[in-house]
Amino acid sequence: FEAGTPHISGGIGLGAAVDYIHKIGMHAIAQYEHELLEYATEQLSTIRQLKIIGTAKQKAGAISFILDNVHPHDVGTLLDLEGIAIRTGHHCAQPVMQFYNVPATSRASFAMYNTKEEIDALVKGLHKVIEVFK
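All residue numbers refer to positions counted from 1 along the written sequence of the respective chain. In view of the model being predicted, local features appear only for residues whose pLDDT reaches at least 70, and side-chain atom pairs are presented and counted only at 80 or more, with totals across whole chains, interfaces and linings using the full set of residues. To get the side-chain values, take all heavy atoms of the structure and skip hydrogens and water.

Visitor: Looking at this model, I keep getting lost on helix H5 (residues 116-132). Mind explaining?
Guide: Residue pairs spaced three or four apart in an α-helix point in one direction, given the helix's 3.6 residues per turn. In this description a helix means any DSSP run of H or I spanning at least four residues, a strand means any run of E spanning at least two, and both kinds are numbered starting from the N terminus. Here the expected length of a helix is defined as 1.5 Å per residue gap, with one fewer gap than residues. Between the first and last C-alpha of H5 there are 25 Å, a value that for 17 residues agrees with the 24 Å anticipated at 1.5 Å per step. For the exposure calls, accessible area comes from a 1.4 Å probe over protein chains only, and a residue counts as buried if that area is under 20% of its type's maximum, exposed if over 50%, partly exposed in between. For H5, the set of buried residues is Ile119, Leu122, Val123, Gly125, Leu126, Val129 and Ile130. Down the axis of H5, the buried side of the element spans an arc of 165°, and every buried residue falls inside it. Exposed side of H5, more than 90 degrees from the buried face: Glu117, Lys124 and Val132 are the residues found there. The elements touched by buried residues of H5 are helix H2 (26-44), strand E1 (50-53), strand E2 (62-67), helix H3 (72-81) and strand E4 (105-109). To obtain the arc, one takes the directions from the helix axis to the C-beta atoms. Contact definition: two residues touch when any of their heavy atoms are within 4.5 Å.

Okay, structure coming up:
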């Protein structure tokens, strides 16, 4: 009940997005995202200098990690130069970071529009980051 023109295009866009998700199916989306998470965990675990932060059995499609002797902001900057987008920093969880004495992490997130090839590109990019800081 506010004055002015309502955000009509946003409402239409939201409706289209809901229709799209219903067409694919929430179960199919969740299953695919879980497959990506498992594949990414397996591939990232092959990097000796990488430590995954958070190993709960039931996880959303995101992996936080740190690389030995490389600040997460440097990881993010160098991956960006490779066309790979990740998030770095505290991820709105600074108290838990302080509790575990982790200054920051890098985080890769996976959704229904991502592919295993993109995960492979992430792994390749991380190897380049490691080479730079060797």
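Visitor: Teacher, can you tell me more about the nonpolar core here?
Guide: Nonpolar side chains in soluble globular proteins tend to end up buried together. By size, the foremost hydrophobic cluster in this structure holds 23 residues, and its most contacted members are Leu44, Ile47, Leu50, Ile63, Leu67, Val75 and Leu126. Elements with a minimum of two residues in this core: H2, E1, E2, H3 and H5. Per element, the largest residue contribution to this core is six residues, and it comes from H5. Among buried residues, those of type Ala, Val, Leu, Ile, Met, Phe, Trp, Tyr and Cys that are joined through side-chain atoms within 4.5 Å constitute a nonpolar core.

Visitor: Would you mind showing me how to read the packing of aromatic side chains here?
Guide: Where two aromatic rings form a pair, the distance of their centres and the angle of their planes describe that pair. Stacked, tilted and edge-to-face are the three classes applied to pairs of Phe, Tyr and Trp rings, where Trp contributes its six-membered ring and a pair requires centres within 6.5 Å; stacked means planes under 30 degrees apart, edge-to-face means over 60, and tilted covers the rest. The tally for this structure, following the rule as stated, stands at one aromatic pair. Look at Phe99 and Tyr100: their rings are 4.9 Å apart centre to centre, the planes differ by 90°, and that puts the pair in the edge-to-face class. A residue is classified by how much of its surface remains accessible, and Tyr100, at 57% relative accessible area, is exposed. In this structure, Lys116 is placed above the aromatic ring of Tyr39, and the distance from its NZ or CZ to the ring centre is 5.2 Å. Distance and angle both matter: a charge sits over a ring if NZ of Lys or CZ of Arg is within 6 Å of the ring centre and within 35 degrees of the ring normal.

Visitor: Looking at this model, I keep getting lost on the pairing of E4. Mind explaining?
Guide: On any regular strand, side chains alternate: one points to one face of the sheet, the next to the other face. Relative to E4, E2 runs antiparallel, the two being bridged by four bridges. Paired with Ser64 across the bridge in E4 is Arg107. Note: strand E3 (residues 87-89) against E4, three bridges, orientation antiparallel. The residue bridging Thr88 from the neighbouring strand is Ser106, located in E4. Between any two strands, at least two bridges found by DSSP are needed for them to pair.

Visitor: It is not clear to me how the packing of H2 against H5 should be interpreted in this structure. Could you clarify?
Guide: The description of two helices packed together rests on the angle between their axes and the distance between the axes. Axes, fitted as lines to C-alpha atoms, cover a helix only where it is in contact. Angles between the N-to-C directions of the axes lie from 0 to 180 degrees. In the contact formed by H2 and H5, the axes pass within 10 Å of each other and the chain directions differ by 25°. Comparing the axis directions of H2 and H5 gives the class roughly parallel. For the pair H2 and H5, the sense of crossing is right-handed. Packed against H2, whose contacting residues are Leu36, Tyr39, Ala40, Gln43 and Leu44, the element H5 presents Lys116, Ile119, Asp120, Leu122, Val123 and Leu126 at the interface. Each angle gets one of four labels, with under 35 degrees taken as roughly parallel, over 145 as roughly antiparallel, 65 to 115 as roughly perpendicular, and the rest as oblique. Put simply, a crossing is left-handed when the front helix is turned counterclockwise from the back one by less than a right angle, and right-handed when it is turned clockwise.

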